[in-house]
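A structural walkthrough
The residues making up each chain are set out below.
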Amino acid sequence: MPNLKDDDNALREVLIQAKAIAVVGHSDKPNRISYQIAQFLQRAGYTVYPVNPLVTEIDGQPCYPSLSEIPASVDIVNIFRRAEYLPEIIEEAIAINAPTVWAQQGIWNQAAAQTALNAGLNVIMDACIKIEYLRLGVG
């Protein structure tokens, strides 16, 4: 399966089916994009699990040091880390059986994408989940 970024029907289906989203690299600073996108996703009705080993809590919600620490299943792993961190994050996503990995705009790693595809995951890279949600009229 290729990068779903260019398949509107597949993107829409991923966004409609998802209930829980792990935001890797979630900042506790309200001026950061990862914080703003996570807030948007919560307002849109998703359960958001912040993942950042440097933060223990964001807005009163536990922040998890890794994907494996999240006490529930996750439908989308939304990644706000630089491309060089994608391989290890994707390995973690595979380990927790997350069906979809979504790297934000400007983030792309071909080898990591191939690893995810080989494991049967949906892969979206170099795309903003909020922009796609709004563009596709999911809400």
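Here, every reference points to the structure presented above.
Attention here is on the structure that accompanies the text. (Residues numbered from 1 in each chain as written. Predicted model: local features only at pLDDT ≥ 70, side-chain atom pairs only at ≥ 80, totals over all residues. Heavy atoms only, no water.)

As for unusual backbone geometry
What counts here: Exposure classes here rest on a 1.4 Å probe applied to the protein chains alone. A residue is buried below 20% of its type maximum, exposed above 50%, and partly exposed in between. Numbered from the N terminus, helices here are DSSP runs of H or I no shorter than four residues, and strands are runs of E no shorter than two.
With a phi angle near 50°, D59 is a residue other than glycine that sits in the positive phi range. The exposed category is assigned to D59, whose relative accessible area is 55%. Phi at D126 is positive, roughly 60°, even though this residue is not glycine. Looking at where D126 falls in the secondary structure, it is placed in the loop between β7 (122-124) and α5 (129-135).

As for the packing of aromatic side chains
Note the following rule: Only centres within 6.5 Å qualify two rings of Phe, Tyr or Trp (six-membered ring in Trp) as a pair; their planes then separate them into stacked at under 30 degrees, edge-to-face at over 60, and tilted for everything else.
Summed over all chains, the structure comprises three aromatic pairs. Residues F40 and Y133 carry aromatic rings whose centres are separated by 5.3 Å and whose planes lie at 85° to one another, so their mutual orientation is edge-to-face. You can see F40 sitting in helix α2 (residues 33-43) and its partner Y133 sitting in helix α5, a full 93 residues away along the chain. Taken together, a centroid distance of 6.1 Å and an interplanar angle of 70° make the contact between Y46 and Y133 edge-to-face. Highlighted residues: Y46 in the loop between α2 and β2 (47-51) and Y133 in helix α5, separated in sequence by 87 residues. We note that Y46, like Y133, is buried. Chaining the aromatic ring pairs together yields one cluster made of F40, Y46 and Y133.

With respect to the environment of R82
Let me state the cut-off plainly: N or O atoms within 3.5 Å of each other form a polar contact, as long as, within protein, one can give a hydrogen and the other can take it, and as long as residues adjacent in sequence are counted only when both atoms are side-chain atoms.
Here R82 is to be found in the loop between β5 (76-79) and α3 (86-95). Under the relative-accessibility criterion, R82 is labelled exposed at 51%. When the C-alpha atoms of R82 and A38 are compared, they prove to be 17 Å apart, with 44 residues separating the residues in sequence. Of note is the side chain of R82, whose polar atom sits 2.8 Å from the side chain of E84.

Purely geometric stuff here, so don't read any function into it on its own.
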